[in-house]
Amino acid sequence: MKCVRCKGKGIIYLKRHNAAFCQDCFLYYYNNQVKKNIKKHKMFDKKDKVLVVISGGKDSMALWHILAKEGYNVTGMYINLGIGEYSDKSQQVVENFAQKNNLEVIIKDIKKEYGLDIYKLSKLLKRSTCSICGSIKRYLFNKIAYDGGFSAVATGHNLDDEAATLLGNVLSWEEGYLARQSPVLESTHPKLVKKVKPLYTLTERENLFYVLINKIEFLHDECPHAVGARSILYKEVLNSLEEESPGTKQRFITSFLEKGRKHFQDVYEKVELKECSICGQVTTTDVCSFCRFVRLSNQNTEN
Amino acid sequence: MKVIFVGKNKELEIKGPKTVINLAKELGINLESNVFLKNGEIIAPDDVLNDNDTIEVISAVSGG
């Protein structure tokens, strides 16, 4: 197997491109994909301050590394959600990387700073821990980005994430979500910061190769709450299709973005956005879910 | 060869020689969602693995 670019020994075979790469040429390919995505969707440029959301996993670590290496003005942001050893280990990975590469990072600990406990909230509100975590993360990413004057929030969502989300949304015809699924979510309110996904055309496997080649430390462990998640099932199904029919995942996403998404714009009802009466952040209710979590946690501690 | 499933607390002893593709087939592992390392290095799907090699299988799938 020969590298398609330099004709040396190819070790990474990308079936959907029918191409093998040596390590150096793979990095060239990876770099080009990221640069192309950023440019094509006008995600940000080198003058912009970009907040990169980091979990300590391979995708976000790859994103942080490549954006910093390419000279973008990036700051990492990690949220310790209090998921036992998993959170402590991932925070350590993030701090080590920032220190080693002299990069700025913002660390937020929801228990220490806001008194939030996802397990107590999950029990009190009868909601899954993943849904509580999602609300907390979305709130904090936007608040930190807005308060810090960042132009964009970048996440490590990859081709597999996007294809799995699309499959889930199509299976239940979630028109509103289909209307909004995009590599760029433009700001719809002066206090909402644009969200971007520079890795949306790269697979999880390609991100894994990127961190392995660059010897970037990352957390192998899966969040204990993700075990059995539907998104993992969708990814497995899509990977089985991909093995038989290479290019399926990328076609699914790119053709949706080019041809499918526009058909959902009419059915997408614009929700009325307000500012939370407590913190001033954007919400659809009088008090945002984050402030309700804090209030509930405080009441529960007092009782 | 020793096959270690990284992060899964699982190890197997498999008889070589065989290619990465054949090992993946034998283990029922999808090469689209897993990466194989031989003695710590990334290897090509057609590389041959021998009895004295240590193979790490890293899953690329995460919950996200």
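Residues numbered from 1 in each chain as written. Chains lettered and ligands numbered in written order. Predicted model: local features only at pLDDT ≥ 70, side-chain atom pairs only at ≥ 80, totals over all residues. Heavy atoms only, no water.

As named in an unreviewed UniProt entry, chain B is MoaD/ThiS family protein, taken from Caldicellulosiruptor owensensis.

Per an unreviewed UniProt entry, the recorded name for chain A is TIGR00269 family protein, and the organism is Caldicellulosiruptor owensensis.

In terms of regular secondary structure, chain A is built from twelve helices and ten strands. Structurally, chain A occupies a C-alpha span of about 70 × 50 × 40 Å along its principal axes. Every one of the 303 residues in chain A was classed for burial, and the buried ones make up 51%. Across chain A, contacts joining residues at least 24 apart in sequence account for 68% of those joining residues at least 6 apart. For chain A, the centre of its 46 positive side-chain charges and the centre of its 35 negative side-chain charges are spaced 4 Å apart. (Helix = DSSP H or I, 4+ residues; strand = E, 2+ residues; numbered from the N terminus. Buried < 20%, exposed > 50% of the residue type's maximum accessible area, 1.4 Å probe, protein only. Contact = heavy atoms within 4.5 Å. Lys, Arg positive; Asp, Glu negative; His and termini not counted. Charge placed at Lys NZ, Arg CZ, Asp CG, Glu CD.)

This part takes up the interface of chain B and chain A. Taken together, the contacts link 22 residues of chain B with 28 residues of chain A. Note on chain B versus chain A: buried area summed over both sides is about 2,000 Å², and carbon and sulfur give 57% of it. Run the count over chain B and chain A and you get two salt bridges. Counting across the interface, chain B meets chain A through eight residue pairs in polar contact (both at pLDDT 80 or more). Secondary structure elements with two or more residues in the side of chain B that touches chain A: β4 (34–38), β5 (41–42) and β7 (54–59) of chain B. Sorting elements by how many residues they give to the side of chain B that touches chain A places β4 of chain B first, with three residues. (Buried area = accessible area lost by both parts, 1.4 Å probe. Salt bridge = Lys/Arg side-chain N within 4 Å of Asp/Glu carboxyl O. Polar contact = N/O pair within 3.5 Å; in protein donor to acceptor, adjacent residues only side chain to side chain.)

What follows covers the sheet that holds strand β8 (residues 194–196) of chain A. All names here are of chain A. Read from one edge to the other, the open sheet built from six strands follows the order β5-β4-β3-β6-β8-β7, with strand pairing classed as mixed. Every interior strand has two partners, whereas the edge strands, β5 (105–109) and β7 (184–185), have only one. Here helix α3 (residues 84–101) sits on the sheet in contact with β3 (49–54), β4 (73–80) and β5, set at roughly 160 degrees to β4. Helix α6 (residues 129–147) rests against β3, β4, β5, β6 (152–154) and β8 of the sheet, and its axis sits at about 145 degrees to β4. (Pairing = 2+ DSSP bridges. Axes fitted to C-alpha atoms, helices over the stretch in contact; angles between N-to-C directions.)

What follows concerns the packing of aromatic side chains. Considering all chains together, one arrives at ten aromatic pairs over all chains under this definition. Taking 4.1 Å as the distance between ring centres and 5 degrees as the angle between the ring planes, the aromatic pair formed by tyrosine 139 of chain A and phenylalanine 290 of chain A counts as stacked. On the criterion of sequence distance, the pair formed by tyrosine 139 of chain A in helix α6 and phenylalanine 290 of chain A in helix α12 (residues 289–302) is long-range, its members being 151 residues apart. Taken as a pair, tyrosine 139 of chain A and phenylalanine 290 of chain A share a single burial class, namely buried. Cluster of aromatic residues (ring-pair linked, three or more members): Phe21, Phe26, Tyr29, Tyr30, Phe209 and Tyr210 of chain A. Above the face of the phenylalanine 150 of chain A ring, lysine 49 of chain A is positioned so that its terminal group lies 4.5 Å from the ring centre. It is lysine 10 of chain B that lies over the ring of phenylalanine 5 of chain B; its NZ or CZ is 4.6 Å from the centre. (Phe/Tyr/Trp six-rings, centres within 6.5 Å; stacked < 30°, edge-to-face > 60°. Lys NZ or Arg CZ within 6 Å of the ring centre and 35° of its normal.)

With that out of the way, let us pick up the pairing of strand β2 (residues 10–13) of chain B. Residues and elements named next belong to chain B. Across four bridges, strand β1 (residues 2–5) lies against β2 in antiparallel orientation. From the neighbouring strand, phenylalanine 5 faces β2, where its bridge partner is lysine 10. The turn linking β1 back onto β2 is made up of four residues, and glycine 7 within it adopts a positive phi angle of 80 degrees.

Residues and elements named next belong to chain A. Running from amino to carboxyl end, helix α7 (residues 159–171) crosses helix α11 (residues 248–260) at an angle of 65 degrees, the nearest separation of the two axes being 9 Å. Relative to α11, the element α7 lies roughly perpendicular. Of the two elements, α7 crosses α11, and the hand of that crossing is left-handed. When α7 is examined against α11, the residues Leu159, Asp160, Glu162, Ala163, Leu166 and Leu167 are found in contact with a partner set consisting of Lys249, Gln250, Phe252, Ile253 and Phe256. Along the lines of polarity and charge, the residues of the contact of α7 with α11 split into seven nonpolar, one polar and three charged. (Parallel < 35°, antiparallel > 145°, perpendicular 65-115°, else oblique. Left-handed = near helix turned anticlockwise from the far one by under 90°. Nonpolar A, V, L, I, M, F, W, Y, C, P; charged D, E, K, R; others polar.)

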